[in-house]
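# Survey of secondary and tertiary structure
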Amino acid sequence: MSKEVDLLGKYLHILNNGRLIKNRDNVIIHASSSSILIESDLTIIVDTSARDDCYIIVKNLKHLGYTPEDVDIVINTHLHNDHIGCNEIFINAEKYAQPLQAEGYSINSVDILNLKDISIIETPGHVLGHISVIFKNEMGMNIVIAGDAIPTRNNYYKWLPPRICSNSKGAIESMKKIAKIADIIIPGHDRPIVVLK
Ligand SMILES: [Zn+2]
């Protein structure tokens, strides 16, 4: 296991590694978000990847001793298809997103969520109403599940706003906000990043 994965701790698991697959012309032909399981008082999933990847999520949940029915809460960083593709398999879970994103969907507002070890920050830029989720692990490290506020390692290391962006200045502000809080960042479409302080 890589050093980054060890640092995530015992209670946070990456069920699906987010990725962006491009063709030779650099056009994205497949996108699927990182999907994260957090074992706390409740069983929580952040983002559910693209529909094609539901089997990966189910398989990895099974390895950890869970079925989709066991999940209590799904939090979506935003409601693009490649982040909500498997929401429906979690039939018993309450679903949450930021109100600006939740409008028009049968999804609850994160404003009413109050969870142990988890906090939510607003990280607009990629889209309005984008949120990121912070989990404090048993080692006291802040793991930020960034969603598309930081889609790839390249965005972070080269300090580039997401390619799809409703407000690039806001997106950079959101990246700064995340970098300041995070010990580890899980990008929307890439492997984790250890933040050097
Ligand atoms: Zn997106």
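Heads up: the structure comes first, above all this text.
Please read all numbers here as calculations on a predicted model, not as lab measurements. (Residues numbered from 1 in each chain as written. Predicted model: local features only at pLDDT ≥ 70, side-chain atom pairs only at ≥ 80, totals over all residues. Heavy atoms only, no water.)

Another point: the coordination of the zinc ion. Each protein donor to the zinc ion is listed here as H78 (NE2), H80 (ND1), H126 (NE2) and D148 (OD); together their distances run 2.1 to 2.4 Å. Considering all four donor atoms around the zinc ion, the spread of angles at the metal, 90 to 168 degrees, places the coordination shape in the irregular class. (Donors = N, O, S within 2.8 Å, 3.2 Å for Na, K, Ca; no water. Tetrahedral: all angles 85-135°; square planar, octahedral: opposite > 155°, others 65-115°.)

Scanning the model with the defined rule gives one disulfide in all. One disulfide bridge connects C54 with C86, the sulfur atoms lying 2.1 Å from each other. Between C54 and C86 the sulfur-sulfur dihedral comes to about -105 degrees; the bridge is accordingly left-handed. One end of the pair, C54, is in helix α2 (residues 54–63); the other, C86, is in the loop between α3 (81–84) and β7 (94–97), with 32 residues separating them in the sequence. (Disulfide = S-S within 2.5 Å. Helix = DSSP H or I, 4+ residues; strand = E, 2+ residues; numbered from the N terminus.)

Attention now goes to the sheet that holds strand β10 (residues 131–136). Pairing is mixed in the open sheet, where five strands are placed in the order β9-β10-β11-β12-β13. Looking at strand neighbours, the two that pair on one side only are β9 (118–122) and β13 (193–194), the edges of this open sheet. As defined by bridge partners, β9 adjoins β10 across five bridges and the pair is classed as antiparallel. Of the residues in β10, the one forming a bridge with I120 is V133. (Pairing = 2+ DSSP bridges.)

Turning to the packing of aromatic side chains, a few remarks are in order. For the structure on display, the rule yields two aromatic pairs. Relative to Y157, the ring of Y156 lies with its centre 5.3 Å away and its plane at 75 degrees, an arrangement referred to as edge-to-face. Under the relative-accessibility criterion, Y156 is labelled buried at 14%. Pairing Y156 with W159 gives two aromatic rings, centres 6.0 Å apart and planes at 65 degrees, and the pair type is edge-to-face. Grouped by ring-pair contacts, the aromatic residues Y156, Y157 and W159 constitute a single cluster. (Phe/Tyr/Trp six-rings, centres within 6.5 Å; stacked < 30°, edge-to-face > 60°. Buried < 20%, exposed > 50% of the residue type's maximum accessible area, 1.4 Å probe, protein only.)

Another aspect to go through is the sheet that holds strand β8 (residues 108–109). Taking strand neighbours across the sheet as the criterion, the six strands line up as β1-β4-β5-β6-β7-β8 in an open arrangement whose pairing is mixed. In this open sheet, the two strands that pair with only one neighbour each are β1 (12–16) and β8. By the bridge criterion, three bridges tie strand β5 (residues 43–46) to strand β6 (residues 73–75) in an arrangement that is parallel. From the neighbouring strand, I45 faces β6, where its bridge partner is V74. Packed onto the sheet, α2 meets β1, β4 (35–39) and β5 and runs at close to 145 degrees relative to β1. (Contact = heavy atoms within 4.5 Å. Axes fitted to C-alpha atoms, helices over the stretch in contact; angles between N-to-C directions.)

To continue, consider the nonpolar core. The biggest cluster of nonpolar side chains holds 21 residues, and the ones touching the most others in it are L12, I38, I75 and I145. Here the element with the most residues in this core is β10; it accounts for three residues. Residues in contact with I38, not counting those within four places in the same chain, are Y11, L12, T43, I44, V46, I118, F135 and I145. In this structure, I121, I134, I185 and V195 belong to the second largest nonpolar core, which totals 14 residues. (Core = buried A, V, L, I, M, F, W, Y, C linked by side-chain atoms within 4.5 Å.)

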